[in-house]
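A look at the structure
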Amino acid sequence: MIFDSRKFSRKYALIYTAMIAAVLIIPLVTYIILLLQIDEAKVELSLEKQAKKIIVSMQRYKNSDKVYHFPRYQEYSAALYDQNFKSIFSTLEFEPHTFTEGFHRQQNNFYYIYAFADAYYFGATYLLVAKKHTSNRIYFLAFSVLTAIIIVLFIFSLLLLRNFSAPFEEMNNHLDNFIKDSMHEINTPLSIINLNADLFAAKYGENKYLWRIKSASKTLATIYSDMEYLIKQGRVKHQKKEIEFGEFVQNRVDYFQEVANMKNIILQTDISPNIIYHFSKTKLQRIVDNTLSNAIKYSHDNREVEITVNEDDEFIEFTVKDHGVGIENIDKIFSRYYRENEAKGGFGIGLAIVKEIIDEEGIILKVSSRPNKSTIFYYKFYK
């Protein structure tokens, strides 16, 4: 009944943003890989140029000069190695793993090795020029672009979905108000029917026609209570209090006795007294009423519906067993609006409400059924 446009917009905006971002991330990753390759090529080129500068500097050295000042650079480091890979001169801060001529990378250290034709340059065979370099700038760019894309997509999707859902929210509000007004209008004549049926029975006695009126009225009241619960769901907090479990179930059994009488069904009870349970009366009534009404509805005429309430140290057992048409698709009966037997009527919301309640409260429910023989609903209410 409740349509939250903001929750709807946020949920689907996140979904659409994730989907589009997943599509866009492929070309973005490809673009980043290309940038990294270009960046690496630039570093390689700069190292080659730097190696040539050092070679030119060594070529200009004359033997008459007593001291050769090896070029030093803030951004670059260099080293000379002999043919046995022994260091002649070095400003490196790392030890290279390979001396193969060409461009190499060792973690964040990029270096270029140039092999001399002879040992003319101070007995050196290899010149190594290195540079520390990271691609943090590119990764930061990628992160920034991706973040910007996600933010823009999310805001755009959110605004679009909010505008898209606005008419549905308005229509839902009108429908919600209509249902609430209708439910209020139904409650008044329903109460009058029940009251006058009781007064008529007290004055003139019971008869099968009066039973039919009261049975139909109570069936309608159960549907009304389910609809009221759905309308208030998420808006009303159901307070918990101490309930005498057995007495509560017996009262609901007595309530449905007239409905059972229409099919000549006997409601057999085995209810232990003095079982106190801390629970919401509204939620417990929805569980008990829907289970009992379904058991009566789908049971064969002139049979029994067995209701038991027992307890042990850990939990309270509530069991309802009918002798009727049975259930073919147990997994589906808790789906909202699902009706296994269209001829029996109803809206298919009762057991969906029961499923929501037991999931919320941690109640265990086991359903077993034999087609055209019997069905058992077995509840465990943990203390």
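For the structure itself, look to the data block above.
The model shown is predicted, which means the values in this text are computed figures rather than measured ones.

This part covers the packing of helix H3 (residues 208–232) against helix H6 (residues 281–298). Across the interface, H3 lies against H6 with an axial gap of 11 Å and an inter-helix angle of 140°. By the angle between their directions, the pair H3 and H6 is classed as oblique. Considering only the axes of H3 and H6, their crossing is left-handed. Residue-level inspection shows Thr222, Ser225, Asp226 and Tyr229 of H3 in contact with H6, the latter providing Thr282, Lys283, Arg286, Asp289, Asn290 and Ser293. In the contact of H3 with H6, the residues fall into one nonpolar, five polar and four charged.

The strand order across the open sheet built from five strands is S2-S1-S5-S4-S3, with neighbouring strands paired in antiparallel fashion. Each edge of the open sheet is held by one strand with a lone partner, namely strand S2 (87–90) and strand S3 (102–106). On average, each strand axis in the sheet is inclined to that of its neighbour by 20°, with strand direction left out of account. In terms of strand pairing, strand S1 (residues 76–81) meets strand S5 (residues 126–132) through six bridges, oriented antiparallel. The residue of S5 that forms the bridge with serine 77 is alanine 130.

For the rest of this paragraph, the subject is the sheet that holds strand S7 (residues 266–271). Across the sheet, five strands lie side by side as S7-S9-S10-S12-S11; this open sheet has mixed pairing. Across the chains shown, the open sheet's two edge strands, defined by having one partner strand only, are S7 and strand S11 (364–370). Each strand axis lies, on average, 10° off the axis of its neighbour in the sheet, ignoring direction. Strand direction decides the pairing type here: strand S10 (residues 315–322) and strand S12 (residues 374–382), joined by eight bridges, are antiparallel. Paired with phenylalanine 318 across the two strands is tyrosine 379, which belongs to S12.

The next point concerns the pattern of salt bridges. Enumeration according to the criterion identifies ten salt bridges in this entry. Here lysine 218 and glutamate 258 are joined by a salt bridge, their closest N and O atoms 2.7 Å apart. A residue pair is termed long-range when its members are at least 10 positions apart, and lysine 218 in helix H3 and glutamate 258 in helix H5 (residues 257–261) qualify at 40 residues. For lysine 218, a relative accessible area of 13% gives the class buried. Judged by relative accessible area, glutamate 258 falls into the buried class, the value being 14%. Residue arginine 252 pairs with aspartate 289 through a salt bridge whose shortest N-O separation is 2.8 Å.

Rules used in this analysis
- Residues numbered from 1 in each chain as written.
- Predicted model: local features only at pLDDT ≥ 70, side-chain atom pairs only at ≥ 80, totals over all residues.
- Heavy atoms only, no water.
- Axes fitted to C-alpha atoms, helices over the stretch in contact; angles between N-to-C directions.
- Helix = DSSP H or I, 4+ residues; strand = E, 2+ residues; numbered from the N terminus.
- Parallel < 35°, antiparallel > 145°, perpendicular 65-115°, else oblique.
- Left-handed = near helix turned anticlockwise from the far one by under 90°.
- Contact = heavy atoms within 4.5 Å.
- Nonpolar A, V, L, I, M, F, W, Y, C, P; charged D, E, K, R; others polar.
- Pairing = 2+ DSSP bridges.
- Salt bridge = Lys/Arg side-chain N within 4 Å of Asp/Glu carboxyl O.
- Buried < 20%, exposed > 50% of the residue type's maximum accessible area, 1.4 Å probe, protein only.

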